[in-house]
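# Descriptive structure summary
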Amino acid sequence: MMMRLPFRTARPMTITRVDGDSSTTHFVSTDVVNWVLLEQDGELTLIDGGYPGQAAQVVESIERIGRKPEDVRGALLTHAHVDHLGGLVKLQAKYGFDVYMDPVEVDHALRHHLQQANALDLAPQVANPRLWAWLAKTTPLGVLSRAGLARASGFSTDGHRPLDLPGAPVPVASPGHTDGHSAYLVADGRALVSGDALVSGHEISSITGPQCIPSLFQHDEPTARRSVQRFTELDADILLPGHGPIHHGGVAAAARAALSR
Ligand SMILES: [Zn+2]
């Protein structure tokens, strides 16, 4: 079945490459959210997929690194918020790949329930002009979409073993932002794809640098902070967050900085 993807936009996008021993990690950063491509032997793992309105931009990022969407062997999800899930819903429908995640997140990704900020959660921020700028930018991208995946698969969570996907990502359970949030160690442990558990900026945040995402977006903030505390035990050098730029200088230090704010 043919499916039309939204027209291409001139939305800014930067792709940063992190080399591992046997795979290459491509960090794709846009002005609203980020995603990651793991490349190994001509095959790809896509981690997160942007807003519904960014599906075509995900394809563009794949083409920019010299591959095609059919090269995606499987996708991973950090968590099932619309800005990470939406593009995957469209791309899975078109290309048929499986999407894996922490087993706890599966029902969320299928939209059997929703752990996402609603209008009441946003209310305390009405005086923040950044909130309105963010809503103006993300509404056309589908921030209000309630669409879930047609199929979602939980990966095995026993041990910290690499998954059988290109780039051999290793899940790092990091609940709190959502109940089944997972980060992923990539590039042979050199980098952490942290999703929204630990970010380096956010469109509605006035601070830059490593930080926990604004409270209104956290499903369970105390649990989320405990997950960031566990990141202080990681050896990875590079943070590849769900929002904000790539951050060098150690994930453990970034986690400590975020907790001290
Ligand atoms: Zn989120």
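This one's a predicted model, so the numbers in the text were calculated from it and none came from an experiment. (Residues numbered from 1 in each chain as written. Predicted model: local features only at pLDDT ≥ 70, side-chain atom pairs only at ≥ 80, totals over all residues.)

Let us look at the overall build of the protein. Tallying secondary structure elements over the protein gives 7 helices and 12 strands in all. Once the C-alpha set of the protein is aligned to its principal axes, its extents read approximately 45 × 40 × 35 Å. In the protein, once contacts between residues fewer than 6 apart in sequence are set aside, the share between residues at least 24 apart is 68%. (Helix = DSSP H or I, 4+ residues; strand = E, 2+ residues; numbered from the N terminus. Contact = placed C-beta atoms within 7 Å.)

What follows deals with helix α2 (residues 82-95). Helix length check: α2 (14 residues) gives 19 Å between terminal C-alpha atoms against 20 Å at 1.5 Å per residue, within 8%. Burial of α2 is extensive: 11 of the 14 residues sit out of reach of the surface. Within α2, the full set of buried residues consists of Val82, Asp83, His84, Leu85, Gly86, Gly87, Leu88, Val89, Lys90, Leu91 and Gln92. Close packing links the buried residues of α2 with α1 (55-64), β5 (72-76), β6 (98-101), α3 (106-109) and β10 (191-195). Where α2 terminates, the next one or two residues include Gly96, which has phi positive at roughly 80 degrees. (Expected span 1.5 Å × (residues − 1). Buried ≥ 20, exposed ≤ 12 C-beta atoms within 10 Å, placed from the backbone.)

Time to look at the sheet that holds strand β8 (residues 170-173). In spatial order, the strands read β8-β9-β10-β11-β12; together these 5 strands make up an open sheet with mixed pairing. At either margin of the open sheet sits one strand with a lone partner, and together these are β8 and β12 (247-248). One ladder, built from 3 bridges, connects strand β9 (residues 182-186) with β10; its direction is antiparallel. Pairing of Leu185 across the sheet is with Leu192, part of β10. (Pairing = 2+ DSSP bridges.)

It is worth spelling out the pairing of strand β2 (residues 24-30) at this point. Counting buried residues in β2 gives 5 out of 7 residues, a clear majority hidden from the surface. In this structure, strand β1 (residues 13-19) lies alongside β2, joined through 7 bridges in antiparallel fashion. Looking across to β2, one finds that Ile15 is bridged to Val28. As consecutive antiparallel partners, β1 and β2 are separated by 4 residues. Here 6 bridges tie β2 to strand β3 (residues 34-40), and the two strands are oriented antiparallel to one another. Paired with Thr24 across the bridge in β3 is Glu39.

Another aspect to go through is the nonpolar core. Counting residues in hydrophobic clusters, the biggest one holds 62 residues, and the most contacted among them are Val36, Leu77, Leu192, Val193 and Leu198. The leading source of residues in this core is α2, at 5 residues. (Core = buried A, V, L, I, M, F, W, Y, C linked by C-beta atoms within 7 Å.)

The strand order across the open sheet built from 7 strands is β1-β2-β3-β4-β5-β6-β7, with neighbouring strands paired in mixed fashion. Among the strands making up the open sheet, the edge pair consists of β1 and β7 (153-154). Bridge count for strand β4 (residues 43-47) against β5 is 4 bridges, and the pairing is parallel. In the strand pairing of β5, Leu44 is matched with Val72. With respect to the sheet, α1 is in contact with β1, β2, β3 and β4, its orientation differing from that of β1 by roughly 45 degrees. (Axes fitted to C-alpha atoms, helices over the stretch in contact; angles between N-to-C directions.)

Taken together, the buried positions of helix α6 (residues 221-231) are occupied by Ala224, Ser227, Val228 and Phe231. The buried side chains of α6 occupy one side of the element, clustering within an arc of 100 degrees when seen end-on. Summarising the contacts, the buried residues of α6 are in contact with α7 (251-260). (Arc of directions from axis to C-beta.)

The subject of this paragraph is unusual backbone geometry. The backbone of Asp41 sits at a positive phi, close to 50 degrees, despite the residue not being glycine. Its location among the elements puts Asp41 in the loop between β3 and β4. With a phi close to 55 degrees, Asp188 is a non-glycine residue in the positive phi region. Among the secondary structure elements, Asp188 is positioned in the loop between β9 and β10. The class of Asp188 is partly exposed, set by 17 C-beta atoms lying within 10 Å.

By themselves, these figures tell us nothing about what the structure is for.
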